[in-house]
Amino acid sequence: MKIVFANSAWVGAAERLILRGGSWRTVRLRVRYGLILHPQAGPVLIDTGYTPHATTGPNRSAALRLYGAVLRPALNAAEQPLPLLARFGLIPRDISAVIVTHFHADHMSGLSLFPEARFIASDAAWSRAKARTSWQNLRHGVFSELFPADFESRLDGLSSKPQIAPHDGVPGGADLFGDGSVMAVDLPGHADGQFGLLFPNLERPLLYAVDAQWLLTALTENRTPGLPATLLAEDTAALEPTSEMLRRFLATGGEVMFCHDPEPTSYDLDSEGG
Ligand SMILES: [Zn+2]
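Residues numbered from 1 in each chain as written. Predicted model: local features only at pLDDT ≥ 70, side-chain atom pairs only at ≥ 80, totals over all residues. Heavy atoms only, no water.

Q: What am I meant to see in the overall build of the protein chain here?
A: Summing up its helical and strand segments, the protein chain has nine helices and 13 strands in all. For a compact globule of 274 residues, the expected C-alpha radius of gyration is about 19 Å, and the protein chain comes in at 17 Å, within 12% of that figure. C-alpha atoms of the protein chain, sized along the principal axes, occupy 45 × 45 × 45 Å. Buried residues in the protein chain amount to 55% of all 274 residues. A fraction of 64% describes how many contacts in the protein chain between residues 6 or more apart in sequence connect residues 24 or more apart. Accessible surface for the protein chain amounts to roughly 12000 Å². Of this, 55% is attributable to carbon and sulfur atoms. Side-chain charges in the protein chain split into 23 positive and 29 negative, and the spacing between the mean points of these groups amounts to 6 Å. (Helix = DSSP H or I, 4+ residues; strand = E, 2+ residues; numbered from the N terminus. Rg over C-alpha atoms; globule rule 2.2 N^0.38 Å. Buried < 20%, exposed > 50% of the residue type's maximum accessible area, 1.4 Å probe, protein only. Contact = heavy atoms within 4.5 Å. Areas by Shrake-Rupley, 256 points an atom, 1.4 Å probe, with all protein chains shown as cover. Lys, Arg positive; Asp, Glu negative; His and termini not counted. Charge placed at Lys NZ, Arg CZ, Asp CG, Glu CD.)

Q: How should a nonpolar patch on the surface be read in this particular structure?
A: Among the surface-exposed residues, L66, V70 and L71 lie close enough to one another that they form a single nonpolar patch of about 280 Å² accessible area. Along the chain, L71 falls in helix 3 (residues 62–71). L71 gets classed as partly exposed once you look at its relative accessible area, which sits at 33%. (Patch = residues over 30% accessible without salt bridge, like charges linked within 9 Å, V, L, I, M, F, W, Y side chains within 5 Å. Salt bridge = Lys/Arg side-chain N within 4 Å of Asp/Glu carboxyl O.)

Q: Please explain the packing of aromatic side chains as it appears in this structure.
A: In this description, an aromatic ring pair is defined by two values, namely the gap between the centres and the angle between the planes. Summed over all chains, the structure comprises nine aromatic pairs. With 6.4 Å between their ring centres and 55° between their planes, Y50 and Y67 make a pair best called tilted. Of this pair, Y50 sits in the loop between strand 3 (42–46) and helix 2 (52–55) while Y67 sits in helix 3, and the two are 17 residues apart along the sequence. We classify Y50 as buried; its relative accessible area is 2%. Here W126 and F151 contribute two aromatic rings whose centre-to-centre distance is 4.8 Å and whose plane-to-plane angle is 50°, an arrangement assigned as tilted. Taken together, the positions of W126 in helix 6 (residues 123–131) and F151 in the loop between helix 7 (134–138) and strand 7 (155–157) put the pair 25 residues apart, joining distant regions of the chain. With a relative accessible area of 12%, W126 lands in the buried category. (Phe/Tyr/Trp six-rings, centres within 6.5 Å; stacked < 30°, edge-to-face > 60°.)

Q: It is not clear to me how the coordination of the zinc ion should be interpreted in this structure. Could you clarify?
A: The textbook angles at a metal center are 109.5 degrees for a tetrahedron of four donors and 90 or 180 degrees for an octahedron of six. Around the zinc ion, the donor atoms from the protein are H102 (NE2), H104 (ND1), H190 (NE2) and D211 (OD), and they sit 2.1 to 2.3 Å away. Seen from the zinc ion, its four donor atoms lie at angles of 90 to 175°, and the figure they make is irregular. For the zinc ion, the single-chain donor residues occur in sequence as H-x1-H-x85-H-x20-D. Of this pair, H104 sits in the loop between strand 5 (97–99) and helix 5 (105–108) while D211 is found in the loop between strand 12 (206–208) and helix 8 (216–220), placing the two residues 107 residues apart along the sequence. When its relative accessible area of 4% is taken as the criterion, D211 is described as buried. (Donors = N, O, S within 2.8 Å, 3.2 Å for Na, K, Ca; no water. Tetrahedral: all angles 85-135°; square planar, octahedral: opposite > 155°, others 65-115°.)

Q: What should I look at first to understand the nonpolar core in this one?
A: Nonpolar side chains tend toward joint burial in soluble globular proteins. V98, I99, F103, F151, L176, L197 and L246 are the most contacted members of the largest nonpolar core, which has 73 residues in total. If near-sequence neighbours (up to four positions away) are discounted, F103 is found in contact with M108, A121, S122, A125, W126, G141, V142, F147 and F151. In terms of nonpolar packing, the next biggest core, distinct from the first, is built from seven residues, I18, L19, V27 and A218 among them. (Core = buried A, V, L, I, M, F, W, Y, C linked by side-chain atoms within 4.5 Å.)

Q: In this structure, what is going on with the sheet that holds strand 4 (residues 74–75)? I would like to understand it.
A: By definition, the strands of a sheet pair up through backbone hydrogen bonds, in either a parallel or an antiparallel sense. In space, the seven strands of this open sheet follow the order 4-1-2-3-5-6-7, with mixed pairing throughout. With partners counted over all chains shown, the strands left at the sheet margins are strand 4 and strand 7, one partner each. Sheet analysis places strand 1 (residues 2–14) next to strand 4, joined by two bridges and oriented antiparallel. Along strand 4, the bridge assignment pairs W10 with A74. (Pairing = 2+ DSSP bridges.)

Q: Could you clarify how one ought to interpret the pattern of salt bridges in this entry?
A: The tally for this structure, following the rule as stated, stands at 14 salt bridges. Across the salt bridge formed by E15 and R25, the nearest N and O atoms sit 3.1 Å from each other. Placement of the pair is E15 in helix 1 (residues 15–18) and R25 in the loop between helix 1 and strand 2 (26–38), with a sequence separation of 10 residues. Judged by its relative accessible area of 13%, E15 falls in the buried class. With a closest N to O distance of 3.1 Å, E240 and R247 form a salt bridge. Relative accessible area serves as the criterion here: at 35%, E240 is assigned to the partly exposed category. Judged by its relative accessible area of 14%, R247 falls in the buried class. Among the charged side chains, a salt-bridge network with shared partners connects R30, R32, D268 and D270.

Q: It is not clear to me how the environment of A97 should be interpreted in this structure. Could you clarify?
A: Tracing the backbone through its elements, the reader meets A97 in strand 5. For A97, a relative accessible area of 0% gives the class buried. Counting along the chain gives 52 residues from A97 to L45, while the straight-line C-alpha distance between them is 6.4 Å. Not counting chain neighbours up to four residues away, the residues in contact with A97 comprise P43, V44, L45, A117, R118 and I120.

So this is what it looks like as structure tokens:
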């Protein structure tokens, strides 16, 4: 099984917003998304990153335009989903599933690119999003317009997956492909229904912890940010227990990776010497 991460865009943020005791200097953050080449499930995406649907699409709502104008993500054309797939000889119709870790724009704006994919996501979070008005969803950082019209009929919800129990500092979770190779691990705090992905069978087990934090340093140096970053969280009280769970996993010898950390990892496309 091959796992690769690409950087869909760069976004700037003041260091002190994402690292306790940080400076006012602007950090250039990545917006990662991933591709798994699974021997049975086939090519599966982990989120889609930022795509033009969120940043330049002509039919965007006023809210999405404002969001783009404030965050001003700089799309990385070379590592957008289509060029990423092309590197592996794939086209969008080859993607059997997109794992949608949560419903923020920088994770799901490209879902409409993949007409054949099922969407592996939190069906509980989807039910809640569906029950809210578009305006209410905005307060959760969710842009209803980014869900494909047939999202629900293509949803492959986590609740139907068998659960694997936690053990010795390694979190439990939902077994996504029935072979124990990829597990969805709940990451409460940042966004409604957010989950990460645990790859327990790698030589060094990897937990892709998405947006549980921005920087690995915040976790390892106990410098997780306070206000105002925590104001943006779905469930502020859950942030620290989630970070503690990640620290316990690190202590077992596992590797933790975040979506936005600028430090390259061995899974990043641009670290492969290509
Ligand atoms: Zn997010």
